[in-house]
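Listed below are the residues making up each chain.
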Amino acid sequence: MSLLSVERLTKSFDGVRAVDDVSFELAAGQLLALIGPNGAGKSTCFNMINGQLRPSSGAIRLNGRDIAGMRPRDIWRLGVGRTFQIAATFNSMTVLENVQMARLSHERRIFDFFGRVAAWKESDALALLDLVGMAAHAHRSCGVLAYGDVKRVELAIALANAPKLLLMDEPTAGMAPQERRELMALTARLAKERDIGVLFTEHSMDVVFSHADKLIVLARGRLIAQGDADTVRSDPRVREVYLGTGASSAPRVDSSAGEST
Ligand code: ADP
Ligand code: MG
């Protein structure tokens, strides 16, 4: 059984299908890249899987259990982690404190900060920081870290909850090419070591092709290709979308939606 099985997932906004009948599978230990031009529906897919958006239709199975429409914190409890936008408290705490706090959910972390905190043992948090190459920075304030290092801390925070599935929507946005490659190489290594399934989006095709085990390509909400790097790279529809030529740049005619975007 797949770790994640998405079946005929659809999300309409005002009759426009942002995600249209998308199905794919992700196994434990595998890195699956979700790629496609801006507006293809990638973030909408992520937000349905993490519970922030309720699907219009379709199923999202985590180890066989349908989680579609469940609340974000219930999905998180079932082992679906994600790299968060940085919390308000993040910059005022040290690297170590942030990881020690990571056992708490996003909402509770902010709420409980000045109250009683069920913090992680320092040694456990340090071991995790070592894993992402940030142990030497443990006692620095997160506010002074370089951008790429912040991303490593975010990864450690996500890993602190021992996710089975990790969702990373544009984890390397704003990073330099070398940092992108390093972060994804690290993610790939940890996914294999810990048997975590990773679903991620990434703009750099170089990074995607070197680290993803499998790719799925969305365009205008539809899955247009899937497979390994070679399969996807040589797919004529994918080339058309990425080269910006042909019908893909024209408005989609969607008779079921009654309008085009
Ligand atoms: P991507 O992440 O691939 O760039 P998105 O999933 O963010 O794409 O967006 C897919 C489409 O859905 C876009 O046309 C976008 O404008 C639309 N969309 C996304 N979120 C909403 C929303 N909350 N309300 C209305 N339309 C939305
Ligand atoms: Mg997006």
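Preceding this section is the structure that the text describes.
All of the points below concern the structure found in this document. (Residues numbered from 1 in each chain as written. Chains lettered and ligands numbered in written order. Predicted model: local features only at pLDDT ≥ 70, side-chain atom pairs only at ≥ 80, totals over all residues. Heavy atoms only, no water.)

Time to look at the pattern of salt bridges. Counted according to the given criterion, the structure contains twelve salt bridges. Residue K192 is joined to D213 by a salt bridge in which the shortest nitrogen-to-oxygen separation is 2.7 Å. With K192 in helix α7 (residues 177-194) and D213 in the loop between α8 (205-211) and β9 (214-219), this residue pair connects regions lying 21 residues apart in the sequence. Residue D213 is classed as partly exposed on the basis of its relative accessible area, which comes to 34%. Through salt bridges with shared partners, a single network forms among R17, D20 and R222. (Salt bridge = Lys/Arg side-chain N within 4 Å of Asp/Glu carboxyl O. Helix = DSSP H or I, 4+ residues; strand = E, 2+ residues; numbered from the N terminus. Buried < 20%, exposed > 50% of the residue type's maximum accessible area, 1.4 Å probe, protein only.)

Let's shift gears to the environment of A185. Tracing the backbone shows A185 in helix α7. C-alpha of A185 to C-alpha of H211: the two residues are 26 residues apart in sequence and 6.6 Å apart in space.

Turning our attention to the nonpolar core. Judged by nonpolar contacts, the single largest core of 49 residues is most densely connected at L129, V132, V153 and L155. No other element matches the eight residues that helix α6 (residues 147-160) contributes to this core. Among all residues touching V132, those that are not within four sequence positions of it are R152, L155, A156, L159, L186 and L190. In terms of nonpolar packing, the next biggest core, distinct from the first, is built from 25 residues, L3, L4, V6 and F24 among them. (Core = buried A, V, L, I, M, F, W, Y, C linked by side-chain atoms within 4.5 Å. Contact = heavy atoms within 4.5 Å.)

Turning to the sheet that holds strand β4 (residues 57-62), a few remarks are in order. Reading across the sheet, the four strands line up as β2-β1-β4-β5 and stay open at both edges, with antiparallel pairing between neighbours. Taken across any chain shown, the strands that pair with only one partner, and hence form the sheet edges, are β2 (16-26) and β5 (65-66). Summarising the sheet, β4 and β5 pair through two bridges and their orientation is antiparallel. Residue pairing for β5: L62 is matched across the bridge by R65. Most of the contacts of helix α1 (residues 42-49) go to strand β1 (residues 4-13), to which it runs at about 115 degrees, and overall it touches β1, β2 and β4. (Pairing = 2+ DSSP bridges. Axes fitted to C-alpha atoms, helices over the stretch in contact; angles between N-to-C directions.)

What follows covers the packing of aromatic side chains. Here the distance between the centres and the angle between the planes together describe a pair of aromatic rings. Taken as a whole, this structure holds zero aromatic pairs when the rule is applied. Taking the ring centre of F209 as reference, the NZ or CZ of R233 above it sits at 4.4 Å. (Phe/Tyr/Trp six-rings, centres within 6.5 Å; stacked < 30°, edge-to-face > 60°. Lys NZ or Arg CZ within 6 Å of the ring centre and 35° of its normal.)

Trans is the prevailing form of peptide bonds, just as negative phi is the prevailing case for residues other than glycine. Not every positive phi belongs to a glycine, and R8 is a case in point at roughly 50 degrees. Relative to the assigned elements, R8 resides in strand β1. With a phi angle near 45 degrees, A162 is a residue other than glycine that sits in the positive phi range. Of note, A162 is situated in the loop between α6 and β7 (165-168). With relative accessibility at 56%, the residue A162 sits in the exposed group.

A few words on the pairing of β2. Across seven bridges, the pairing between β1 and β2 is antiparallel. Bridged to K11 within β2 is V19. Connecting β1 to the antiparallel partner β2 that follows it, the hairpin turn spans two residues, and D14 within it adopts a positive phi of roughly 50 degrees.

Moving on, we come to the sheet that holds strand β10 (residues 222-227). Taken together, six strands build an open sheet; the order of strands is β6-β7-β8-β3-β9-β10 and the sheet is mixed. Edge strands, defined here as strands with exactly one partner in the open sheet, are β6 (80-82) and β10. On average, each strand axis in the sheet is inclined to that of its neighbour by 20 degrees, with strand direction left out of account.

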